[in-house]
Structures are given as C-alpha cells and as structure tokens.
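Coordinate inspection notes
Chain by chain, the residues run as shown.
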Amino acid sequence: MAKNFIGLDTEKTEQLASALNDLLSNYQIFYMNVRGYHWNIKGDNFFELHVKFEELYDDLLLKIDEIAERVLTLGHRPAHAYSTYMEKSEIPERKDVSDGKEAMGNIVESFGKIISKQRELLNMAGDADDEGTNALMSDYISEQEKTVWMYRSYLGQ
Ligand SMILES: [Fe+2]
C-alpha cells in the first residue's frame, strides 16, 4: 500500500481528510448557530447566556481552525465555502432562536452529533495509525462530554 509524505496510508488518509471536512462543515454551521443565540437571546438569563454562548463560539472557532489545519497537515484541502458546509452538515441552521432553553437544547443535540462523528474519526484514525488526528479527537471528545453534562444540568436533565 502507498504511503504519503508523513508515512500514512494514502487511501486511508484521503478518507480521513474527507471525514474531517465533514466534521468541519458541522462545526461551521454549529458555530454560526451559536453566534445567533448569543445575539438573539432574551429573558431573565440574558447576561449569563450571552456570555456563555460567546465562550462556546470562541472555543468552536479555535477547533474549526485546528480541524482545517489537520486536513492540510494530511495533505488535503479544507472545505472553505458555506455552500459546501450547507451540503455536508448534518447539523441544521437554526434561525431566530431567542429562548435560552431552546438554544441550550439545540446545543446539546449538536454536541451529540459532533461527538459521534469524532468517535467515528477516532476509530478511523486508529485504524490508519494516525496518532495526530486520534489525539485531537480524543481531547475534543472528553472535553465536550463534560460540557454536555453541564449544559444538560442547566436544562434540569
Ligand atoms: Fe458579542
């Protein structure tokens, strides 16, 4: 089997890059949804949630850049057009959400999708001996599982 410039199986690396681009697309739509929550939230918890959503979208943005640069590190091109994101993202656009609980519920649901995708990538990366992608996914999963616990606690779940 052919190996690429960092010693990874060429075909498996191509599949990994494609799955990472799929993940990136989900992150981009998720990111824009959370910006919308930050802007449009109303009610008693405005100050708390406005800040919380900013903290979340800042973190998503960091991960967006890391995922895109991982695709480049693997020798492929990261998706960079909203039309592509819309086509690939399983997370739907959320418009005009001003209710805090609804926003939080959407966030928990989106994290569920993102974490599952990352777990699939973790397995793919393990199979391809791609330690770099593996470590990245592993860090994201444990961090976000904890975030989901806290957000669900906020929702009384
Ligand atoms: Fe702001």
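Residues numbered from 1 in each chain as written. Predicted model: local features only at pLDDT ≥ 70, side-chain atom pairs only at ≥ 80, totals over all residues. Heavy atoms only, no water.

Brief notes about the packing of helix H1 (residues 10-40) against helix H5 (residues 131-154)
It is at 13 Å that the axes of H1 and H5 come closest, and there the two elements cross at 30 degrees. Considered as vectors, H1 and H5 are oriented roughly parallel to each other. The way H1 lies across H5 gives a crossing that is left-handed. For the pair H1 and H5, contact is made by Leu 16, Leu 20, Leu 23 and Tyr 27 and by Thr 133, Met 137, Tyr 140 and Gln 144, respectively. Classifying every residue of the contact of H1 with H5 by side-chain character gives six nonpolar, two polar and no charged. (Axes fitted to C-alpha atoms, helices over the stretch in contact; angles between N-to-C directions. Helix = DSSP H or I, 4+ residues; strand = E, 2+ residues; numbered from the N terminus. Parallel < 35°, antiparallel > 145°, perpendicular 65-115°, else oblique. Left-handed = near helix turned anticlockwise from the far one by under 90°. Contact = heavy atoms within 4.5 Å. Nonpolar A, V, L, I, M, F, W, Y, C, P; charged D, E, K, R; others polar.)

Digging into the pattern of salt bridges
The tally for this structure, following the rule as stated, stands at ten salt bridges. The residue Lys 117 makes a salt bridge to Asp 22 at a minimum N-O spacing of 3.2 Å. Separated by 95 residues along the polypeptide, Lys 117 in helix H4 (residues 100-127) and Asp 22 in helix H1 bring together distant segments of the chain. With a relative accessible area of 14%, Lys 117 lands in the buried category. The partner of Lys 63 in a salt bridge is Glu 143, and the shortest N-O contact between them spans 2.9 Å. Of this pair, Lys 63 sits in helix H2 (residues 46-73) while Glu 143 sits in helix H5, and the two are 80 residues apart along the sequence. (Salt bridge = Lys/Arg side-chain N within 4 Å of Asp/Glu carboxyl O. Buried < 20%, exposed > 50% of the residue type's maximum accessible area, 1.4 Å probe, protein only.)

Here's the deal with the environment of Pro 92
Following the sequence through the fold, Pro 92 ends up in the loop between helix H3 (82-88) and H4. Judged by its relative accessible area of 33%, Pro 92 is partly exposed. For the pair Pro 92 and Asp 22, spaced 70 residues apart in sequence, the C-alpha to C-alpha distance is 13 Å.

Describing the nonpolar core
Formed by 45 residues in total, the largest nonpolar core has its most connected members in Tyr 27, Phe 30, Val 34, Phe 53, Leu 56, Ile 107 and Phe 111. Of all the elements in the fold, those that place two or more residues in this core are H1, H2, H4 and H5. Once you skip the residues sitting within four places of it in the chain, Phe 53 turns out to touch Val 34, Tyr 37, His 38, Ile 41, Ala 103, Met 104 and Ile 107. (Core = buried A, V, L, I, M, F, W, Y, C linked by side-chain atoms within 4.5 Å.)

Section: the UniProt feature "domain: Ferritin/DPS" (unreviewed entry) in the chain
Summarizing the sequence annotation, UniProt attributes the feature "domain: Ferritin/DPS" (unreviewed entry) to residues 18-156 in the numbering used throughout. Taken as a whole, residues 18-156 contains 79% helix and 0% strand, while its terminal C-alpha atoms sit 37 Å from one another. (UniProt positions renumbered as here; feature names shortened; annotations may be inferred.)

Some words on the packing of H1 against H4
Interhelical geometry of H1 versus H4 gives an angle of 165 degrees and a closest axis separation of 10 Å. When the axis of H1 is compared with that of H4, the two are roughly antiparallel. The handedness of the crossing between H1 and H4 comes out as left-handed. Facing H1, whose interface residues are Lys 12, Gln 15, Leu 16, Ala 19, Leu 20, Asp 22, Leu 23, Asn 26, Tyr 27, Phe 30, Val 34 and Tyr 37, H4 presents Ala 103, Asn 106, Ile 107, Ser 110, Phe 111, Ile 114, Lys 117, Gln 118, Leu 121, Met 124, Ala 125 and Asp 127.

Side note on H5
When the terminal C-alpha atoms of H5 are compared, their 35 Å separation across 24 residues agrees well with the 34 Å that a helix rising 1.5 Å per residue should span. Taken together, the buried positions of H5 are Thr 133, Asn 134, Leu 136, Met 137, Tyr 140, Ile 141, Gln 144, Thr 147, Val 148 and Tyr 151. The secondary structure elements touched by the buried residues of H5 are H1, H2 and H4. Where H5 starts, the residue carrying a side-chain oxygen 3.3 Å from the main-chain nitrogen of Gly 132 turns out to be Asp 130. Positive phi appears at Gly 156, one or two residues downstream of H5, with a value of about 75 degrees. (Expected span 1.5 Å × (residues − 1). Polar contact = N/O pair within 3.5 Å; in protein donor to acceptor, adjacent residues only side chain to side chain.)

With respect to the side chain of Asn 26
Summarising the element assignment, Asn 26 is placed in helix H1. Of note is the side chain of Asn 26, whose polar atom sits 3.4 Å from the side chain of Ser 89. With sequence-adjacent residues up to four places away left out, Asn 26 is seen in contact with Lys 88, Ser 89, Glu 90, Ile 91, Ile 114 and Lys 117.

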